[in-house]
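These are the residues of each chain, in order.
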Amino acid sequence: MSDFSAVFTKTSAYSLGGVVCHGLLGYLGSKAFLPKNARWQDRFTFIWLAFDALIHFSFEGSFLWLSVFGRQVNTSVGPFADMWREYAAADFRWGVSDPTVVSLEILTVLGAGPLCCYILKQLANDDPARHYWLIVLSTAELYGGWMTFCPEWLTGSPNLNTSNALHLWVYLVLMNVIWVFIPLWLMFDSYTHIASALRSTQATSRAKAKQA
(Lines give C-alpha, C1' and ligand atoms only; values in the text may rest on other atoms or scores of the structure.)
Protein backbone atom coordinates (compact mmCIF):
# COMPACT_ATOMS: atom_id res chain seq x y z
CA MET A 1 0.00 0.00 0.00
CA SER A 2 2.86 2.37 0.82
CA ASP A 3 4.40 1.78 -2.61
CA PHE A 4 1.10 2.70 -4.28
CA SER A 5 0.79 5.83 -2.14
CA ALA A 6 4.27 6.90 -3.16
CA VAL A 7 3.28 6.71 -6.83
CA PHE A 8 -0.38 7.81 -6.79
CA THR A 9 -0.15 11.23 -5.17
CA LYS A 10 -2.64 14.06 -4.66
CA THR A 11 -1.31 15.57 -7.87
CA SER A 12 -2.15 12.30 -9.67
CA ALA A 13 -5.71 12.45 -8.34
CA TYR A 14 -6.18 16.13 -9.25
CA SER A 15 -4.74 15.61 -12.73
CA LEU A 16 -6.90 12.60 -13.55
CA GLY A 17 -9.89 14.37 -11.99
CA GLY A 18 -9.27 17.27 -14.36
CA VAL A 19 -9.31 14.89 -17.31
CA VAL A 20 -12.67 13.50 -16.18
CA CYS A 21 -14.07 17.02 -15.74
CA HIS A 22 -13.04 17.90 -19.30
CA GLY A 23 -14.94 14.87 -20.55
CA LEU A 24 -17.99 15.84 -18.50
CA LEU A 25 -17.93 19.36 -19.93
CA GLY A 26 -17.81 17.87 -23.42
CA TYR A 27 -20.87 15.73 -22.64
CA LEU A 28 -22.80 18.70 -21.24
CA GLY A 29 -21.84 20.72 -24.32
CA SER A 30 -23.25 18.02 -26.59
CA LYS A 31 -26.53 18.12 -24.67
CA ALA A 32 -26.69 21.90 -25.00
CA PHE A 33 -25.68 22.38 -28.64
CA LEU A 34 -26.81 19.24 -30.48
CA PRO A 35 -30.42 18.25 -31.17
CA LYS A 36 -31.84 15.38 -29.14
CA ASN A 37 -32.15 13.22 -32.26
CA ALA A 38 -28.50 13.70 -33.29
CA ARG A 39 -26.67 10.58 -34.47
CA TRP A 40 -24.75 8.90 -31.69
CA GLN A 41 -21.66 9.25 -33.87
CA ASP A 42 -22.08 13.03 -34.02
CA ARG A 43 -22.71 13.24 -30.27
CA PHE A 44 -19.60 11.20 -29.55
CA THR A 45 -17.61 13.34 -31.98
CA PHE A 46 -18.81 16.53 -30.26
CA ILE A 47 -17.86 15.20 -26.82
CA TRP A 48 -14.45 14.12 -28.11
CA LEU A 49 -13.71 17.42 -29.85
CA ALA A 50 -14.73 19.46 -26.80
CA PHE A 51 -12.59 17.22 -24.58
CA ASP A 52 -9.74 17.41 -27.09
CA ALA A 53 -9.85 21.22 -27.27
CA LEU A 54 -9.98 21.59 -23.47
CA ILE A 55 -7.00 19.26 -23.04
CA HIS A 56 -5.02 21.12 -25.71
CA PHE A 57 -5.75 24.58 -24.30
CA SER A 58 -5.51 23.89 -20.56
CA PHE A 59 -3.11 21.00 -19.98
CA GLU A 60 -0.93 21.21 -23.07
CA GLY A 61 -1.23 24.99 -23.21
CA SER A 62 0.20 25.18 -19.69
CA PHE A 63 3.07 22.89 -20.71
CA LEU A 64 3.83 25.11 -23.67
CA TRP A 65 3.78 28.23 -21.49
CA LEU A 66 6.09 26.68 -18.89
CA SER A 67 8.45 25.34 -21.56
CA VAL A 68 8.69 28.51 -23.65
CA PHE A 69 8.45 31.25 -21.02
CA GLY A 70 9.46 29.32 -17.89
CA ARG A 71 12.10 27.42 -19.89
CA GLN A 72 11.15 24.01 -18.47
CA VAL A 73 8.69 22.21 -16.23
CA ASN A 74 11.24 20.88 -13.75
CA THR A 75 12.31 24.37 -12.62
CA SER A 76 8.82 25.93 -12.65
CA VAL A 77 6.36 26.30 -9.78
CA GLY A 78 2.59 26.10 -9.51
CA PRO A 79 -0.14 23.47 -9.89
CA PHE A 80 0.39 22.99 -13.62
CA ALA A 81 4.12 22.57 -13.12
CA ASP A 82 3.37 19.96 -10.44
CA MET A 83 1.02 18.19 -12.81
CA TRP A 84 3.56 18.07 -15.63
CA ARG A 85 6.33 16.92 -13.30
CA GLU A 86 3.97 14.05 -12.45
CA TYR A 87 3.72 13.14 -16.15
CA ALA A 88 7.45 13.74 -16.63
CA ALA A 89 8.06 10.96 -14.13
CA ALA A 90 6.74 8.64 -16.87
CA ASP A 91 8.29 10.48 -19.85
CA PHE A 92 11.33 12.52 -18.79
CA ARG A 93 11.30 14.69 -21.94
CA TRP A 94 8.31 16.66 -20.69
CA GLY A 95 10.26 17.93 -17.72
CA VAL A 96 13.19 19.40 -19.66
CA SER A 97 11.51 21.13 -22.63
CA ASP A 98 12.62 18.59 -25.22
CA PRO A 99 12.65 20.60 -28.48
CA THR A 100 10.80 17.94 -30.49
CA VAL A 101 8.02 17.71 -27.90
CA VAL A 102 7.75 21.50 -27.60
CA SER A 103 7.64 21.88 -31.40
CA LEU A 104 4.78 19.37 -31.63
CA GLU A 105 2.92 21.07 -28.79
CA ILE A 106 3.13 24.42 -30.59
CA LEU A 107 1.24 22.84 -33.50
CA THR A 108 -1.15 21.07 -31.14
CA VAL A 109 -2.08 24.06 -28.98
CA LEU A 110 -2.11 26.73 -31.68
CA GLY A 111 -3.37 24.54 -34.54
CA ALA A 112 -5.34 21.52 -33.38
CA GLY A 113 -7.04 23.32 -30.49
CA PRO A 114 -8.63 26.08 -32.59
CA LEU A 115 -9.49 23.56 -35.32
CA CYS A 116 -11.41 21.50 -32.75
CA CYS A 117 -13.45 24.59 -31.90
CA TYR A 118 -14.14 25.31 -35.56
CA ILE A 119 -15.39 21.75 -36.14
CA LEU A 120 -17.55 21.99 -33.00
CA LYS A 121 -19.24 25.02 -34.56
CA GLN A 122 -19.77 23.08 -37.78
CA LEU A 123 -21.25 20.18 -35.83
CA ALA A 124 -23.65 22.47 -33.99
CA ASN A 125 -24.72 23.90 -37.38
CA ASP A 126 -24.89 20.43 -38.96
CA ASP A 127 -22.44 21.52 -41.65
CA PRO A 128 -21.26 18.47 -43.66
CA ALA A 129 -18.01 20.28 -44.50
CA ARG A 130 -16.87 19.20 -41.03
CA HIS A 131 -15.95 15.79 -42.41
CA TYR A 132 -13.05 17.24 -44.41
CA TRP A 133 -11.72 19.09 -41.37
CA LEU A 134 -12.16 16.04 -39.16
CA ILE A 135 -9.82 14.14 -41.48
CA VAL A 136 -7.30 17.01 -41.39
CA LEU A 137 -7.47 17.17 -37.58
CA SER A 138 -7.24 13.40 -37.15
CA THR A 139 -4.24 13.18 -39.47
CA ALA A 140 -2.49 15.89 -37.44
CA GLU A 141 -3.28 14.11 -34.16
CA LEU A 142 -1.90 10.82 -35.47
CA TYR A 143 1.22 12.51 -36.82
CA GLY A 144 1.80 14.21 -33.47
CA GLY A 145 1.56 10.93 -31.60
CA TRP A 146 3.87 9.18 -34.05
CA MET A 147 6.54 11.88 -33.87
CA THR A 148 6.29 11.95 -30.08
CA PHE A 149 7.00 8.26 -29.59
CA CYS A 150 8.66 6.86 -32.72
CA PRO A 151 12.02 8.67 -32.16
CA GLU A 152 11.96 7.35 -28.60
CA TRP A 153 11.29 3.76 -29.67
CA LEU A 154 14.05 3.91 -32.29
CA THR A 155 16.57 4.88 -29.61
CA GLY A 156 15.51 2.25 -27.07
CA SER A 157 13.06 4.43 -25.10
CA PRO A 158 15.68 5.93 -22.73
CA ASN A 159 13.26 8.59 -21.46
CA LEU A 160 10.28 6.36 -20.70
CA ASN A 161 9.70 5.02 -17.20
CA THR A 162 7.57 1.87 -17.23
CA SER A 163 8.48 0.71 -13.74
CA ASN A 164 4.95 0.95 -12.32
CA ALA A 165 1.40 0.48 -13.54
CA LEU A 166 0.35 4.14 -13.19
CA HIS A 167 3.19 5.44 -15.35
CA LEU A 168 2.92 2.66 -17.94
CA TRP A 169 -0.80 1.95 -18.34
CA VAL A 170 -2.40 5.28 -17.41
CA TYR A 171 0.09 8.00 -18.42
CA LEU A 172 1.95 6.38 -21.32
CA VAL A 173 -0.63 3.97 -22.75
CA LEU A 174 -4.16 5.19 -21.93
CA MET A 175 -3.46 8.93 -22.17
CA ASN A 176 -1.84 8.49 -25.56
CA VAL A 177 -3.57 5.56 -27.23
CA ILE A 178 -6.96 7.33 -27.19
CA TRP A 179 -5.38 9.90 -29.55
CA VAL A 180 -4.72 7.00 -31.92
CA PHE A 181 -7.92 4.96 -31.96
CA ILE A 182 -10.43 7.82 -31.81
CA PRO A 183 -8.83 9.80 -34.68
CA LEU A 184 -8.72 6.59 -36.74
CA TRP A 185 -12.44 6.04 -36.08
CA LEU A 186 -13.24 9.66 -36.94
CA MET A 187 -11.33 9.34 -40.22
CA PHE A 188 -13.27 6.19 -41.10
CA ASP A 189 -16.64 7.76 -40.23
CA SER A 190 -15.88 10.91 -42.25
CA TYR A 191 -14.55 8.85 -45.15
CA THR A 192 -17.85 6.96 -45.39
CA HIS A 193 -19.77 10.26 -45.53
CA ILE A 194 -17.50 11.87 -48.12
CA ALA A 195 -17.32 8.74 -50.30
CA SER A 196 -21.10 8.24 -50.12
CA ALA A 197 -21.78 11.86 -51.09
CA LEU A 198 -19.33 11.76 -54.01
CA ARG A 199 -20.68 8.45 -55.29
CA SER A 200 -24.23 9.77 -55.06
CA THR A 201 -23.25 12.89 -57.00
CA GLN A 202 -21.44 10.78 -59.57
CA ALA A 203 -24.46 8.50 -60.02
CA THR A 204 -26.77 11.50 -60.44
CA SER A 205 -24.45 13.06 -63.02
CA ARG A 206 -24.25 9.84 -65.00
CA ALA A 207 -28.04 9.45 -64.94
CA LYS A 208 -28.50 12.99 -66.25
CA ALA A 209 -25.89 12.39 -68.95
CA LYS A 210 -27.76 9.31 -70.16
CA GLN A 211 -31.03 11.24 -70.32
CA ALA A 212 -29.45 14.08 -72.33
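Numbers given for residues are sequential positions, taken from 1 along each chain in its written order. Only residues with pLDDT of at least 70 are given local features in this predicted model, and only at 80 or more are side-chain atom pairs given and counted; all residues enter the totals for whole chains, interfaces and linings. Side-chain figures throughout are based on the complete set of non-hydrogen atoms in the structure, without hydrogens or water.

A. Just the environment of A165, in detail. Here A165 is to be found in helix α7 (residues 165-211). Between the C-alpha atoms of A165 and V96, which are 69 residues apart in sequence, the distance is 23 Å. To qualify as a helix, a DSSP run of H or I must reach at least 4 residues; to qualify as a strand, a run of E must reach at least 2; elements of each kind are numbered from the N terminus.

B. Main features of the pattern of salt bridges. Whenever Lys or Arg places a side-chain nitrogen within 4 Å of a carboxyl oxygen from Asp or Glu, that contact is recorded as a salt bridge. Taken as a whole and judged by the stated rule, the model has seven salt bridges. A salt bridge links R39 to D42; the nearest nitrogen and oxygen atoms lie 3.0 Å apart. In this structure, R93 engages D91 in a salt bridge whose closest nitrogen and oxygen atoms are separated by 2.7 Å. Only protein chains enter the accessibility calculation, which uses a 1.4 Å probe. A residue is then buried if its area is under 20% of the maximum for its type, exposed if over 50%, and partly exposed in between. With a relative accessible area of 6%, R93 lands in the buried category. Look at D91 and you get buried, because its relative accessible area is 0%.

C. Focus on the nonpolar core. Among the buried residues, those of types Ala, Val, Leu, Ile, Met, Phe, Trp, Tyr and Cys that are joined through side-chain atoms within 4.5 Å form a nonpolar core. The biggest cluster of nonpolar side chains holds 42 residues, and the ones touching the most others in it are W48, L49, F63, W84, Y87, W94 and L137. A per-element tally of this core places helix α3 (residues 40-68) first, with eleven residues. The residues touching Y87, leaving out its near neighbours within four places in the chain, are W94, F149, Y171, L172 and N176. Here a residue-residue contact requires only that any non-hydrogen atoms of the pair lie within 4.5 Å.

D. Local environment of the UniProt feature "transmembrane region" (unreviewed entry) in the chain. According to UniProt, the feature "transmembrane region" (unreviewed entry) maps to residues 12-34, 46-66, 101-120, 132-149 and 169-188 in the numbering used here. Between the C-alpha atoms that bound residues 46-66 there is a distance of 29 Å. The span itself is 100% helix and 0% strand. As a span, residues 132-149 carries 100% helix and 0% strand, and end to end its C-alpha atoms are 27 Å apart. UniProt positions are given in the numbering used here, feature names are shortened, and annotations may be inferred rather than shown by experiment.

E. How the structure looks around the packing of α3 against α7. As a packed pair, α3 and α7 sit with axes 12 Å apart at the nearest point and diverge in direction by 140°. Between α3 and α7, the crossing angle belongs to the class labelled oblique. Crossing hand, α3 versus α7: left-handed. For the pair α3 and α7, contact is made by W40, Q41, F44, T45, W48, F51, D52, I55 and H56 and by I178, W179, I182, W185, L186 and D189, respectively. Residues that form the contact of α3 with α7 fall into these classes: ten nonpolar, three polar and two charged. Between N-to-C directions, angles span 0 to 180 degrees; the directions come from axes that are lines fitted to C-alpha atoms, helices contributing only their stretch in contact. Reported orientations rely on four angle classes, namely roughly parallel under 35 degrees, roughly antiparallel over 145, roughly perpendicular from 65 to 115, and oblique for the rest. Crossing handedness is defined as follows: a turn of the near helix away from the far one that is anticlockwise and smaller than a right angle gives a left-handed crossing, while the clockwise case is right-handed. The nonpolar class holds Ala, Val, Leu, Ile, Met, Phe, Trp, Tyr, Cys and Pro. Asp, Glu, Lys and Arg form the charged class, and all remaining residues, Gly among them, are polar.

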